[in-house]
Each structure stands twice: as structure tokens, then as C-alpha cells.
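# Structural overview
What follows is the residue order along each chain.
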Amino acid sequence: MKEEEISACYHPVKEYTTPKVDVRAVIFNEKNEILLVKERVDGYWALPGGWSDVGYTPTEVVVKEVKEETGLDVRVVRLLAVLDKRCYNHPASSFYVYKFCFLCEVTGGNDDLTFDILDKGFYALNNLPPLSLDRILPEQVELLDKLRRNPDAGVYCD
């Protein structure tokens, strides 16, 4: 981390600190390949999604994020998992983060990309491109695939 990033972690907090919420879409095609987007910020791949926006429900945010990042329209099928970023080997962060991971299915759309996404594509689970480890880890992708394959599984929660 750069010095200014580290020092930003030590500003005095004036109110009770709460977690940030990150929403991610888990989308598979008919070949059982997962949809990933290449993030402009670091050049690595992640599930479509991002920070939750005030004024939207978690499902509304994930639908909006997928549309903004990929041009695809999706429908949320179910919540697969709520992951506590602290419980995994993510790089250090100044935020405490919960990740809401939603199974979604494509209902339409186009191939638009936005300013913060360099590329998108479907990938076989045994041939994933380099992942943006701040956003998603290979073992989390495996967990999400296992959960989506079991429709009777409850929501996984750390």
C-alpha cells in the first residue's frame, strides 16, 4: 500500500463504524462457465458487482451493477452467500466488508461495456483468468458454484 492509503486508515471515526456491503452476481451459461468482468482499476477479473448504493435493495443493486458493467439484463434467482471478507485471505483493506453473492440468470441485454470494465467473458472453472483478489478468491468461486448446484442449500453465511 502507498503511504497515503495507509494513513487514510487512521482518520478518527466520528460515528459507529459499520461494514460496507459489496454485491456480486454469480452468472453461469449453458456450458457451466462463469461470467467475469475485467476491472479497469487493477486489470484483473471479478464477478460483476460493486458497492451497494443507498436507496436500492441488495437485489436492485446487483441487477443495476450487472447492467452497468456488462450490458446484460438479469433476474435474481436467489441469494447464495453472505461472505465476511475478514474470514478469507483477501489483501488488506481499510474497509470491513460483507459480500452478498446472488445467483442470477440472463434475461436479455447487449454487449455494452462501461468506463470501469475493460472486458467480460464466460470462463470454465478450471481455467479462470487472474482474479482481482480484493474482490473474489478462487475458493469463493468454488463455494458459490457448489451452492448454485444445490438448489436446496440454504444461504451460506460466515
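Model, not experiment: these values are computed from the prediction.

## Here we look at the packing of aromatic side chains
Tallying each qualifying case throughout the model produces three aromatic pairs. Consider the rings of W45 and Y123, whose centres lie 5.2 Å apart with planes at 70 degrees: the pair is edge-to-face. Of the two residues, W45 sits in strand β3 (residues 45–46) while Y123 sits in strand β7 (residues 117–123), which places them 78 residues apart along the sequence. Of the residues examined, W45 reaches a relative accessible area of 7% and is grouped as buried. For the ring pair W51 and F95, a centre distance of 5.8 Å and an interplane angle of 75 degrees mean the geometry is edge-to-face. With a gap of 44 residues between them, W51 in strand β4 (residues 49–51) and F95 in the loop between β5 (72–84) and β6 (97–109) connect regions that are remote in the sequence. The exposure class assigned to W51 is partly exposed, which follows from its relative accessible area of 38%. Relative accessible area serves as the criterion here: at 45%, F95 is assigned to the partly exposed category. Here the guanidinium or amino end of K20 rests over the ring plane of F95, the centre of that ring lying 4.9 Å away.

## Re the nonpolar core
Residues V26, I34, L47, L80, I136 and L144 are the most contacted members of the largest nonpolar core, which totals 20 residues. Listing elements by their share of this core, those giving two or more residues are β2 (34–39), β3, β5, β6 and α3 (138–149). When residues in this core are grouped by element, the largest group, four residues, is from α3. Discounting residues that sit within four places of it in the chain, L80 has contacts with V26, C101, F102, L103, L144, L147, R148, G154, V155 and Y156. Listed in part, the 13 residues of the second largest apolar core include V23, I27, V66 and F102.

## Some points on the layout of surface pockets
Reported here for the largest pocket is a volume of approximately 500 Å³. Residue lining of the largest pocket: 25 residues in total, with R24, V41, W51, D134 and R135 positioned closest to the centre. Listed by contribution, the elements that provide at least two residues to the lining of the largest pocket are β1 (20–26), β4, α2 (58–70) and β6. Taken together, the residues that form the lining of the largest pocket break down as seven nonpolar, five polar and 13 charged.

## Quick look at the environment of V74
Tracing the chain through its elements places V74 in strand β5. In the structure, V74 is positioned 29 residues away from L103 in sequence and 9.8 Å away in space, judged by C-alpha atoms.

Conventions we followed
- Residues numbered from 1 in each chain as written.
- Predicted model: local features only at pLDDT ≥ 70, side-chain atom pairs only at ≥ 80, totals over all residues.
- Heavy atoms only, no water.
- Phe/Tyr/Trp six-rings, centres within 6.5 Å; stacked < 30°, edge-to-face > 60°.
- Helix = DSSP H or I, 4+ residues; strand = E, 2+ residues; numbered from the N terminus.
- Buried < 20%, exposed > 50% of the residue type's maximum accessible area, 1.4 Å probe, protein only.
- Lys NZ or Arg CZ within 6 Å of the ring centre and 35° of its normal.
- Core = buried A, V, L, I, M, F, W, Y, C linked by side-chain atoms within 4.5 Å.
- Contact = heavy atoms within 4.5 Å.
- 1 Å grid on protein atoms, 1.4 Å probe; cavity = no way out; pocket = protein on both sides within 12 Å on 5 of 7 lines; lining within 4 Å.
- Points joined across faces, edges and corners; volume = space filled by probe spheres on them.
- Nonpolar A, V, L, I, M, F, W, Y, C, P; charged D, E, K, R; others polar.

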